[in-house]
Amino acid sequence: MTIKECYEQLGQNYEEVLDRLGSEVILKKFVIKFLDDSSFQMLEDGLKEKNADQAFRAAHTIKGICLNLGFDKLYQASSDLTEQLRGKDTVEETDDLFLKVKEQYTKLVEVVRKMAMEG
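What you are looking at is a predicted structure, and each value in this text was computed from that prediction instead of being measured.

### Section: the overall build of the protein chain
Next, step 1: The helix and strand inventory of the protein chain stands at seven helices and zero strands.
Next, step 2: Each helix and strand of the protein chain, ordered N terminal to C terminal, gives the series α-α-α-α-α-α-α.
Next, step 3: Here the protein chain has a C-alpha radius of gyration of 15 Å; the compact-globule value for 119 residues is 14 Å, and the two agree.
Next, step 4: Each of the three principal axes of the protein chain carries a C-alpha extent, and together these read 40 × 25 × 20 Å.
Next, step 5: Taking all 119 residues of the protein chain together, the buried fraction comes to 42%.

### A closer look at helix α6 (residues 72-85)
Next, step 1: With 14 residues, α6 should cover 20 Å at 1.5 Å per step; its first-to-last C-alpha distance of 20 Å lies within 8% of that length.
Next, step 2: Buried within α6 we find Leu-74, Ala-77, Ser-78, Ser-79, Leu-81, Thr-82 and Leu-85.
Next, step 3: Contacts from the buried residues of α6 go to α4 (39-48), α5 (52-69) and α7 (95-118).
Next, step 4: Two residues or fewer after α6 comes Gly-87, characterised by a positive phi angle close to 70°.

### Examining the environment of Tyr-14
Next, step 1: Residue placement: Tyr-14 occurs in helix α2 (residues 14-21).
Next, step 2: The exposure class of Tyr-14 is buried, given its relative accessible area of 6%.
Next, step 3: Linking Tyr-14 and Ile-3, residues 11 residues apart in sequence, is a C-alpha distance of 8.3 Å.
Next, step 4: Apart from the residues lying within four places of it in its own chain, the contact partners of Tyr-14 are Ile-3, Lys-4, Tyr-7, Glu-24 and Leu-27.

### Brief notes about the side chain of Ser-78
Next, step 1: Within the fold, Ser-78 resides in helix α6.
Next, step 2: Within the structure, Ser-78 has its side chain in polar contact with the backbone nitrogen of Lys-63 (distance 3.5 Å).
Next, step 3: In this view, Ser-78 contacts Ala-59, Ile-62, Lys-63 and Val-101; residues no more than four positions away in its chain are not counted.

### Things to note about the packing of helix α1 (residues 3-10) against α7
Next, step 1: Running from N to C, α1 and α7 cross one another at 155°; their axes reach a closest spacing of 10 Å. Comparing their axes, α7 and α1 come out roughly antiparallel. Where α1 crosses over α7, the handedness of that crossing is right-handed. For the pair α1 and α7, the contacting residues are Ile-3, Cys-6, Gln-9 and Leu-10 in the first and Lys-107, Leu-108, Val-111, Val-112 and Met-115 in the second.
Next, step 2: Grouping the amino acids of the contact of α1 with α7 by side-chain chemistry returns seven nonpolar, one polar and one charged.

Rules used throughout
Residues numbered from 1 in each chain as written. Predicted model: local features only at pLDDT ≥ 70, side-chain atom pairs only at ≥ 80, totals over all residues. Heavy atoms only, no water. Helix = DSSP H or I, 4+ residues; strand = E, 2+ residues; numbered from the N terminus. Rg over C-alpha atoms; globule rule 2.2 N^0.38 Å. Buried < 20%, exposed > 50% of the residue type's maximum accessible area, 1.4 Å probe, protein only. Expected span 1.5 Å × (residues − 1). Contact = heavy atoms within 4.5 Å. Polar contact = N/O pair within 3.5 Å; in protein donor to acceptor, adjacent residues only side chain to side chain. Axes fitted to C-alpha atoms, helices over the stretch in contact; angles between N-to-C directions. Parallel < 35°, antiparallel > 145°, perpendicular 65-115°, else oblique. Left-handed = near helix turned anticlockwise from the far one by under 90°. Nonpolar A, V, L, I, M, F, W, Y, C, P; charged D, E, K, R; others polar.

Given below as structure tokens:
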């Protein structure tokens, strides 16, 4: 699977991201590097531990990475969760928003892993 096919399978705008980064090689490198990012695990742990600050920072990091790589669906889900957590001392009322993030993250990782394994 090519990087373009990866974006198409995810329903994301490949051309827009390619124009911004300028190189398919660079784009593919950063997309594969996304698999090594620990922000999702930090988010999940922060929510489980009721650590709103950790959860906020992790959701905010995911949002930023997704904005840069054009992962619009995960960007939107993580943005909604980031705003829910912003300035809060509690992680209450985040279950539905986290499930949306988890769903989009899981789909994204699955497709990117497939692309990475195929070379």
